[in-house]
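This is what each chain is made of:
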Amino acid sequence: MTALLEVRDLSKDYPARDGKGVVRAVSNVSLALEAGQTLGVVGESGCGKSTLARLIMRLIEPRSGEILFKGQNLVSLSAPDLRRRRRDIQMVFQDPYASLDPRMNVAAIISEPLDIHGIGSRAERKAKVLELLDLVGLDRSAAAKYPHEFSGGQRQRIGIARAIALEPKLVVLDEPVSALDVSIQSQILNLLIDLKKRLGLTYIFISHDLSVVEHVSDDVAVMYLGQIVEYGKAAQVLHAPLHPYSQALVSAIPEIDTQKKKQRIVLTGDPPNPENIPPGCPFHPRCPHVMAICRQIPPELQVTQDRRAACHLYREGPGGH
Ligand code: SF4
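Residues numbered from 1 in each chain as written. Predicted model: local features only at pLDDT ≥ 70, side-chain atom pairs only at ≥ 80, totals over all residues. Heavy atoms only, no water.

Enquirer: It is not clear to me how the overall build of the protein chain should be interpreted in this structure. Could you clarify?
Expert: Check the secondary structure of the protein chain and you find 9 helices and 12 strands. With respect to the three principal axes, the spread of C-alpha positions in the protein chain is 70 × 45 × 45 Å. Residues classed as buried in the protein chain amount to 50% of the 321 residues present. For the protein chain, restricting intrachain contacts to residue pairs at least 6 apart in sequence, the fraction spanning at least 24 positions comes to 62%. Of the roughly 15400 Å² that the protein chain leaves accessible, carbon and sulfur atoms contribute 50%. If the 39 positive side-chain charges of the protein chain are averaged to one point and the 36 negative ones to another, these points end up 2 Å apart. (Helix = DSSP H or I, 4+ residues; strand = E, 2+ residues; numbered from the N terminus. Buried < 20%, exposed > 50% of the residue type's maximum accessible area, 1.4 Å probe, protein only. Contact = heavy atoms within 4.5 Å. Areas by Shrake-Rupley, 256 points an atom, 1.4 Å probe, with all protein chains shown as cover. Lys, Arg positive; Asp, Glu negative; His and termini not counted. Charge placed at Lys NZ, Arg CZ, Asp CG, Glu CD.)

See the structure below:
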């Protein structure tokens, strides 16, 4: 089966602040997503997950790599072809306060993508806005109001309505609930799950919060300093992680660790700095299992026990499993 989305060896650099080196924001990331699935992408701030989202959205240019959507490489598409293809891939942003234009009323915000793509008559677009408000659980009277008249959760519902207005196939959700109160988070998560079922959507769900990702994901990719360090089925990665970094992340979230005698793994060493990526395994200065080889040779993401982990603990041969 052809994946709906396949990313191959995608990389993105930025100039370093000192003007000399480069920041490797995303390095050789590969992943694949079938239609109807949700891929959770997790990691700390600065791990490259939001850069990955913007690359997939084609909001920024990659240094190298391919982004195949239904087998078509978005990186090499002409501007008109890319514009047409954009209908199929939409994004929900983290901050519902910043992502909605305060000068536009809700009807204008939601129908703007339809206007841009010239979809439907004026009356049809108006009807579509009301239908979308119903879908995201907002009263139809919201259409005439402005963003400042809504709570954070309601604003995120407006952002979601706008994102699904063009009936996309893939929605990239970049920390969609992390700016919201905990009590509101589950309402928005339930809405996203419901919309996925009703509309046959496929999600990339980006979050630093593993307990949130667990609720929605089929597969999970764990990122550290621009690289995927573990990738596999959500239940396996989140309940029996292989990579020492994934193990530390999971150990910090009591509610998703099912081990009876759970022990929190407290990472020592400097927090990750994309401007100064250590040689060898980028995680080695913080890794409780570091070996001599880890300081010199970067581990490749390799298949282990039906999953992929970038760690010398799982390499074949002497010293590995
Ligand atoms: Fe730790 Fe070495 Fe594995 Fe990196 S390769 S995660 S330093 S054991």
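Having seen the model, we can carry on.
Enquirer: Can you help me understand the packing of helix α5 (residues 152-164) against helix α6 (residues 182-199) in this one?
Expert: When two helices pack together, their arrangement is given by the angle between the helix axes and by the axis-to-axis distance. Packing of α5 against α6 brings their axes to within 10 Å, and their N-to-C directions diverge by 20 degrees. Considered as vectors, α5 and α6 are oriented roughly parallel to each other. Between α5 and α6 lies a crossing of right-handed hand. Mapping the contact onto sequence places G153, Q156, R157, I160 and I164 in α5 and I184, Q187, I188, L191, L192, L195 and L199 in α6. Split into classes, the residues belonging to the contact of α5 with α6 amount to 8 nonpolar, 3 polar and 1 charged. (Axes fitted to C-alpha atoms, helices over the stretch in contact; angles between N-to-C directions. Parallel < 35°, antiparallel > 145°, perpendicular 65-115°, else oblique. Left-handed = near helix turned anticlockwise from the far one by under 90°. Nonpolar A, V, L, I, M, F, W, Y, C, P; charged D, E, K, R; others polar.)

Enquirer: I keep staring at the sheet that holds strand β2 (residues 22-33) and nothing clicks. Help me out?
Expert: Two pairing modes exist for strands in a sheet, parallel and antiparallel, and in both the strands are linked by backbone hydrogen bonds. If you walk across this open sheet you meet the 4 strands as β2-β1-β4-β5, and the pairing is antiparallel. Looking at strand neighbours, the two that pair on one side only are β2 and β5 (72-73), the edges of this open sheet. Helix α1 (residues 49-56) contacts β1 (5-15), β2 and β4 (64-69) of the sheet and is inclined by roughly 115 degrees relative to β1. (Pairing = 2+ DSSP bridges.)

Enquirer: Looking at this structure, how should I read the pattern of salt bridges?
Expert: Any two side chains of opposite charge can pair if their charged atoms end up close together. Applying the stated criterion across every chain, the model contains 22 salt bridges. Here K128 ties to E131 by a salt bridge, and the two come within 3.9 Å at their closest N and O atoms. Here E131 and K128 lie together in helix α4 (residues 122-135), a separation of 3 residues that amounts to about one turn. Look at K128 and you get buried, because its relative accessible area is 14%. Here E131 falls in the partly exposed class, since its relative accessible area comes to 41%. Of the charged contacts, one joins K233 and D219 as a salt bridge, the two residues approaching to 2.9 Å between their closest N and O atoms. Here K233, found in strand β10 (residues 227-233), pairs with D219, found in strand β9 (residues 219-224); they are 14 residues apart in sequence, far enough to count as distant. (Salt bridge = Lys/Arg side-chain N within 4 Å of Asp/Glu carboxyl O.)

Enquirer: Honestly, the packing of aromatic side chains in this entry has me stumped. Any pointers?
Expert: Remark: the centre distance and the inter-plane angle together describe each pair of aromatic rings, the angle taken between the planes. Taken as a whole and judged by the stated rule, the model has 3 aromatic pairs. Ring geometry for Y224 versus F283: centroids 5.1 Å apart, planes at 85 degrees, classification edge-to-face. Taken as a pair, Y224 in strand β9 and F283 in the loop between α9 (244-251) and β11 (301-304) lie far apart in primary sequence, 59 residues in all. Among the residues examined, F283 registers a relative accessible area of 1% and is labelled buried. (Phe/Tyr/Trp six-rings, centres within 6.5 Å; stacked < 30°, edge-to-face > 60°.)

Enquirer: For this particular structure, what's the right way to read the environment of G40?
Expert: Its location among the elements puts G40 in strand β3 (residues 38-42). Judged by relative accessible area, G40 falls into the buried class, the value being 0%. Between the C-alpha atom of G40 and that of V213, which follows or precedes it by 173 residues, the distance is 5.7 Å. Every residue in contact with G40, bar those within four places of it in the chain, is listed here: F205, V213, S217, D219, V220 and A221.

Enquirer: Help me out: how do you make sense of α9 in this one?
Expert: Each full turn of the α-helix corresponds to 3.6 residues, which orients residues three or four apart in the same direction. Among the 8 residues that make up α9, 7 are buried, leaving the element largely enclosed by the rest of the structure. Of all the positions in α9, only P244, Y245, S246, A248, L249, V250 and S251 are classed as buried. Turning to α9, the residues buried within the fold contact α7 (210-216), β9, β10 and α8 (234-239).

Enquirer: Please clarify how the pairing of strand β7 (residues 170-174) should be interpreted in this entry.
Expert: In the case of a regular strand, side chains alternate between the two sheet surfaces. Of all 5 residues in β7, 5 are buried, a share of seventy percent or more. Inspection of the sheet shows strand β6 (residues 89-92) paired to β7 by 4 bridges, in the parallel sense. Paired with I89 across the strands is L170, a residue of β7. Here β7 pairs with strand β8 (residues 202-207) via 5 bridges, running parallel. Within β8, the position partnered with L173 by the bridge is F205. Taken together, β7, α6 and β8 constitute a β-α-β crossover, and its handedness is right-handed. (Right-handed = clockwise from strand over helix to strand, strands pointing away.)

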